[in-house]
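Overview (structure and organization)
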Amino acid sequence: MVRNTFILSTLAALGCISMVLAQKPQTLEANVNTSGIKATFTFEPIDDSGDGAKVTINVVEGLTKKFAVLPKIGFEYHIHVKPAGPNNDCMATGGHLDPTNVGNAVCDPKTPEKCQEGDLSGKHGNLMPTEDGSIPEFSYVDKFIHFTGEASTITGRSVVIHNNGTKIACADILPQGESGSDSQRQSSITAGDSHTNGASADGRLSGNAVWMAMGTVGSGLMAGMMAL
Ligand SMILES: *[C@@H]1O[C@H](CO)[C@@H](O)[C@H](O)[C@H]1NC(C)=O
Ligand SMILES: *[C@@H]1O[C@H](CO)[C@@H](O)[C@H](O)[C@H]1NC(C)=O
Ligand SMILES: [Cu+2]
């Protein structure tokens, strides 16, 4: 009986590890809710590779024609390198995410591979203002968005919306469900949940986590053998 329990728990532990290792990158989200602008940007992995995202954008309010400095050109938006942090400081977000060092070269939507990874409006068009400031939800696939790689991952960075260049609103890119209020974000950091514990910034298991998992199985084996 003890032996069976031990074998079963060992198998269960191994099962959990293989499930975690084969895990698809997490869906990420940036919830903009500042300066009267409310919008959600969702980044869903298109497969297990960590490269490519289905981006879904839902602007609830704030992007009116009246507010736009250039209503015919609209609002640019990008993934910026740094997060806005707990005070949601758009000025702290730094420049565009550009791991291939494209720099200021103009982004041609026909050759997105030559654009900055973070230049979403360059690749897919600006957010166009409306009378009431909302934009019906729309989606596109961007194969050059990465969930992995220290330099290329979008995890922990930010989405910034501009009005003729000026940063007007922003939000950090976090695992879906954690991108709500600052208090939510704070509690998820202090609680050290499964997203932050052992998982590296790019959403995959770090070497340490693998060794910790192996250690757990090892202890299980020892405990099981001692019980025999
Ligand atoms: C947006 O911000 C307002 C004011 O700061 C707050 O009352 C509201 O709960 C926020 N909405 C969401 C969806 O986080
Ligand atoms: C838009 O921004 C440019 C560059 O900062 C500036 O020269 C121009 O005056 C702005 N346009 C308007 C209509 O404010
Ligand atoms: Cu920007």
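Everything here concerns the structure above.
Below is a summary of the structure that appears in this document. All values reported here derive from a predicted model rather than from experimental measurement. (Residues numbered from 1 in each chain as written. Chains lettered and ligands numbered in written order. Predicted model: local features only at pLDDT ≥ 70, side-chain atom pairs only at ≥ 80, totals over all residues. Heavy atoms only, no water.)

Overview of the overall build of the protein
Along the protein, the regular secondary structure elements total 4 helices and 8 strands. When the helices and strands of the protein are read in sequence order from the N terminus, they spell out α-β-β-β-β-α-β-β-β-β-α-α. Expressed as a percentage of its 228 residues, the buried residues of the protein come to 37%. Taking the intrachain contacts of the protein between residues at least 6 apart in sequence as the baseline, contacts between residues at least 24 apart amount to 63%. (Helix = DSSP H or I, 4+ residues; strand = E, 2+ residues; numbered from the N terminus. Buried < 20%, exposed > 50% of the residue type's maximum accessible area, 1.4 Å probe, protein only. Contact = heavy atoms within 4.5 Å.)

Comments concerning the environment of Ile135
Along the chain, Ile135 turns up in strand E5 (residues 135-146). Taking relative accessible area as the criterion, Ile135 reaches 11% and is therefore assigned buried. Measuring from C-alpha to C-alpha, the distance between Ile135 and Glu61 comes to 7.7 Å, with 74 residues separating the pair along the chain. With near-sequence residues (within four places) excluded, Ile135 lies in contact with Asn58, Val59, Leu63, Leu127, Met128 and Thr130.

Details of the sheet that holds strand E7 (residues 166-172)
Spatial ordering of the open sheet is given by E4-E6-E7, a layout of 3 strands whose pairing is antiparallel. The sheet is open, and its two edges are formed by strand E4 (77-80) and E7, each paired on a single side. Between one strand axis and the next, the sheet turns through 30 degrees on average, direction left out of account. Looking at chain direction, strand E6 (residues 158-163) and E7 are connected through 6 bridges and run antiparallel. From the neighbouring strand, Val159 faces E7, where its bridge partner is Ala171. (Pairing = 2+ DSSP bridges. Axes fitted to C-alpha atoms, helices over the stretch in contact; angles between N-to-C directions.)

A word on the nonpolar core
Judged by nonpolar contacts, the single largest core of 30 residues is most densely connected at Phe41, Phe43, Leu63, Leu127 and Ile161. Of all the secondary-structure elements, those providing two or more residues to this core are strand E1 (28-34), strand E2 (37-45), strand E3 (51-61), E4, E5, E6 and E7. (Core = buried A, V, L, I, M, F, W, Y, C linked by side-chain atoms within 4.5 Å.)

Focus on the coordination of the copper ion (ligand 3)
Bound to the copper ion (ligand 3) are the protein donor atoms His78 (ND1), His80 (NE2) and His162 (NE2), situated 1.9 to 2.0 Å from the metal. All donors of the copper ion (ligand 3) come from a single chain, and their spacing in sequence reads H-x1-H-x81-H. Residue His78 is found in strand E4, and its partner His162 is found in strand E6; the two are separated by 84 residues along the sequence. (Donors = N, O, S within 2.8 Å, 3.2 Å for Na, K, Ca; no water.)

Overview of the pairing of E2
Two strands pair when backbone bridges link them, and E1 and E2 are joined in this way by 7 bridges, in the antiparallel orientation. When the sheet's bridge partners are listed, Leu28 is paired in E2 with Phe43. Between the antiparallel neighbours E1 and E2 lie 2 residues, among them Ser35 with a positive phi of about 50 degrees. If you look at the hairpin formed by E2 and E3, you'll find 5 residues sitting between the two strands, and Gly50 has a positive phi there, around 90 degrees.

Focus on the sheet that holds E5
Pairing between the strands of a sheet is mediated by backbone hydrogen bonds and can be parallel or antiparallel. The sheet built from 5 strands is open, its strands ordered E5-E3-E2-E1-E8 with antiparallel pairing. The open sheet has two edge strands, E5 and strand E8 (174-175), and neither has a second partner.

Observations regarding the pattern of salt bridges
All told, the structure shown has 2 salt bridges when counted by the stated rule. Taking the shortest distance from any N to any O, the salt bridge between Lys65 and Glu131 comes out at 3.7 Å. With Lys65 in the loop between E3 and E4 and Glu131 in the loop between helix H2 (120-124) and E5, this pair connects stretches of sequence that are 66 residues apart. Its salt-bridge partner being Asp142, residue Lys123 comes within 2.9 Å of it at the nearest N-O pair. (Salt bridge = Lys/Arg side-chain N within 4 Å of Asp/Glu carboxyl O.)

Some words on the state of the cysteines
This structure, assessed with the given rule, holds 2 disulfides. Across the disulfide, Cys90 is cross-linked to Cys170 (sulfur-sulfur distance 2.1 Å). Between Cys90 and Cys170 the disulfide shows an S-S torsion of about -95 degrees. By sign, it is left-handed. With Cys90 in the loop between E4 and H2 and Cys170 in strand E7, this pair connects stretches of sequence that are 80 residues apart. Of the two residues, Cys90 and Cys170, neither departs from the other in class, the shared state being buried. With a sulfur-sulfur separation of 2.1 Å, Cys107 is cross-linked through a disulfide to Cys115. Here Cys107 and Cys115 share a disulfide; its torsion about the S-S bond, 90 degrees, makes the bridge right-handed. Cys107 gets classed as buried once you look at its relative accessible area, which sits at 13%. The exposure class of Cys115 is buried, given its relative accessible area of 4%. If you count the bonded cysteines of the protein from the N-terminus, they pair up as 1-4, 2-3. (Disulfide = S-S within 2.5 Å.)

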